[in-house]
Amino acid sequence: MSPALNKNSKPGRPIARTLKDRSGAVGFHVFSFLVLLALAAICLTSAAKADEYLLGPQDKVRLKIYEWRASRDEIFEWKALNDDFTVGADGTLSLPFAGKVVAAGLSPTKLAENVSIQLMQRMGLGRSPDVSAEIVQFRPFYIVGDVEKPGEYPYRPGLNVLQAVSIGGGLRKGDQASRMEREVISGRGELALQHVTRAGLLARKARLETELKGADTITFPPELAERSDDHDIAVLMDQERSIFDARRQGLETQVRALEELRDFLGKSSASLEAHLEFQDRQVALSQKEMENVSALVKKGFAAETRKMEVERSLVNAQSDRLSAETSLMRARQEKSRTEISILELQIDRKNEVRAQLRDTQSQLEELAQKSSTTVQLLRESESLAPQAAARLGSGDSIAPVYTIVRAGDGGVSKKFVAGEAEPVHPGDVLEIKIPLETDNPGLQGTGRTTGSDLTYDMETRVPQSNLR
């Protein structure tokens, strides 16, 4: 009897061969399924490793280390190492016995393995101790910008941008229009203060220049002189005139006193010169008398005692002359010192004025830079405040802009705009900004910014009101 034929087999093909073909097909499908399972397992493992938290500086890790000692049939606890340790700025943990262990870029599991191996090597153990590592405090991330509570916060695994904003207290709820109006008021007040300060510096500069020239009257710049009817400017100018008069009178008084001392010493010198002439005559007379008495003593007409008296008188006259000459030299020396003091006083005053003038000019230049910056900020605030008020009044929602600054490889940071679901990493700086677009192009091209009582020219950077 001929064997039965499979309907799927070709005519004349044995059934046994057909069954063999079927079993081969089944085996191939099973093998393919197993390969797919292996690939899926590898992918899942890689994904798990990719999502595993990697340690970095400021992470705090808790180590638990135990060792089985078979000779004593006990579990030994490494108490010196069972503690919390913080990853240092260099990315390492400094551990007793083990020394420095690299932690940055490793998972807690890998760190535990490295600590175990290093302990075994350095302590000469027969087998590596059992080490476990767990994170007790993640390194922080930072929130800045338009949130209620910006600052530093500890990281949480799985954190995204929206969750980070909630940690920071949510978006700032303050009235943006009111805030912009406050900035405008503050900017105007700052500019007004800078304006008054500049006027005072200009008045001081004019006074110092007058002192340096030695003039009798201060010549104020046209910017102040043309606005002398303003009360504040008039007060500044009067104050500088008072300071100028007081300083000039003080210098003149000091110079006059020294000049009087110099004149007195000159007269003293003349008197001493006259006194010295009398002393010369007295010495000459004493010498002549000494010669006469000496001749009489030789002839026997005078006693020796008379000669001694005359000699004593001559010595006294010579001593008095020497004292008068010394006094004359001292008077002339004091007179020279007085003249030098007068010159030093005048030179010191000029040097002091020059130093104050340089300092005043430096302050004026610094103030010009500050005023320029304040004017630009004020102009921007004045252009944005009405738009913020109109936008809030219309009820339009303003979408915040989230920006993340993240440290990259080699210490180079990268900055990118993120969505609400973007993951936040440890060490990230999350910046939240609620934009206020400038919808009125007419306000962008103006060269002047005006307020209720202030006008500032952006080209000259000089305040144009409050001094008028």
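Up top is the structure these notes are about.
Cut-off values and rules
Residues numbered from 1 in each chain as written. Predicted model: local features only at pLDDT ≥ 70, side-chain atom pairs only at ≥ 80, totals over all residues. Heavy atoms only, no water. Helix = DSSP H or I, 4+ residues; strand = E, 2+ residues; numbered from the N terminus. Contact = heavy atoms within 4.5 Å. Areas by Shrake-Rupley, 256 points an atom, 1.4 Å probe, with all protein chains shown as cover. Core = buried A, V, L, I, M, F, W, Y, C linked by side-chain atoms within 4.5 Å. Buried < 20%, exposed > 50% of the residue type's maximum accessible area, 1.4 Å probe, protein only. Expected span 1.5 Å × (residues − 1). Arc of directions from axis to C-beta. Salt bridge = Lys/Arg side-chain N within 4 Å of Asp/Glu carboxyl O.

(A) View of the overall build of the chain. When its secondary structure is counted, the chain shows seven helices and 14 strands. Nonlocal contacts in the chain, meaning residues at least 24 apart in sequence, comprise 62% of its contacts between residues at least 6 apart. Counting every atom, the chain has about 29400 Å² of accessible surface; 54% of that belongs to carbon and sulfur.

(B) Seen up close, the nonpolar core. Residues L95, L111, V115, F141, V161 and L430 are the most contacted members of the largest nonpolar core, which totals 38 residues. Of all the secondary structure elements, the ones that give two or more residues to this core are strand 1 (60-69), strand 4 (92-95), helix 2 (108-123), strand 6 (130-137), strand 7 (140-145), helix 3 (161-167), strand 9 (401-407) and strand 11 (429-433). When residues no more than four places from it in sequence are discounted, the contact partners of L430 are Y142, I143, V144, V161, A164, V165, Y402, T403 and I404. Core analysis: the next-biggest nonpolar cluster, separate from the first, contains 14 residues, L202, I218, L224 and F244 among them.

(C) Just unusual backbone geometry, in detail. One non-glycine residue, Q58, adopts positive backbone phi at about 80 degrees. With respect to the helices and strands, Q58 occurs in the loop between helix 1 (15-51) and strand 1. Phi angles above zero are rare outside glycine, and F97 is one such case at about 70 degrees. Relative to the helices and strands, F97 is located in the loop between strand 4 and strand 5 (99-102).

(D) Representation of helix 2. Over its 16 residues, helix 2 extends 22 Å from the first C-alpha to the last, a length consistent with the 22 Å expected when each residue adds 1.5 Å. When we look at burial in helix 2, the residues that qualify are P108, L111, A112, V115, S116 and L119. Each buried residue of helix 2 sits inside an arc of 135 degrees when the element is viewed along its axis, so together they form one side. Turning to helix 2, the residues buried within the fold contact strand 1, strand 4, strand 5 and strand 6. The positive-phi residue at the C-terminal boundary of helix 2 is G124, with phi of around 65 degrees.

(E) Representation of the environment of L251 in the model. Relative to the helices and strands, L251 is located in helix 6 (residues 231-299). Measuring from C-alpha to C-alpha, the distance between L251 and L345 comes to 8.1 Å, with 94 residues separating the pair along the chain. Discounting chain neighbours no more than four positions away, the residues touching L251 are L345 and R349.

(F) How the structure looks around the pattern of salt bridges. The tally for this structure, following the rule as stated, stands at 24 salt bridges. Put simply, R207 and E240 hold a salt bridge, and the shortest N to O gap is 2.9 Å. Of this pair, R207 sits in helix 4 (residues 176-213) while E240 sits in helix 6; the two residues are 33 residues apart in sequence, bridging distant segments of the chain. Taking relative accessible area as the criterion, E240 reaches 9% and is therefore assigned buried. Among the salt bridges present, the one from E352 reaches R349, with a minimum N-O distance of 3.8 Å. Of this pair, E352 and R349 are both found in helix 7 (residues 304-394), three residues apart, which corresponds to roughly one turn of the helix. On the basis of relative accessibility, which here comes to 34%, the residue E352 falls in the partly exposed class. Within this structure, R207, E211, E240, R247, R349 and E352 form a network of salt bridges that share partners.

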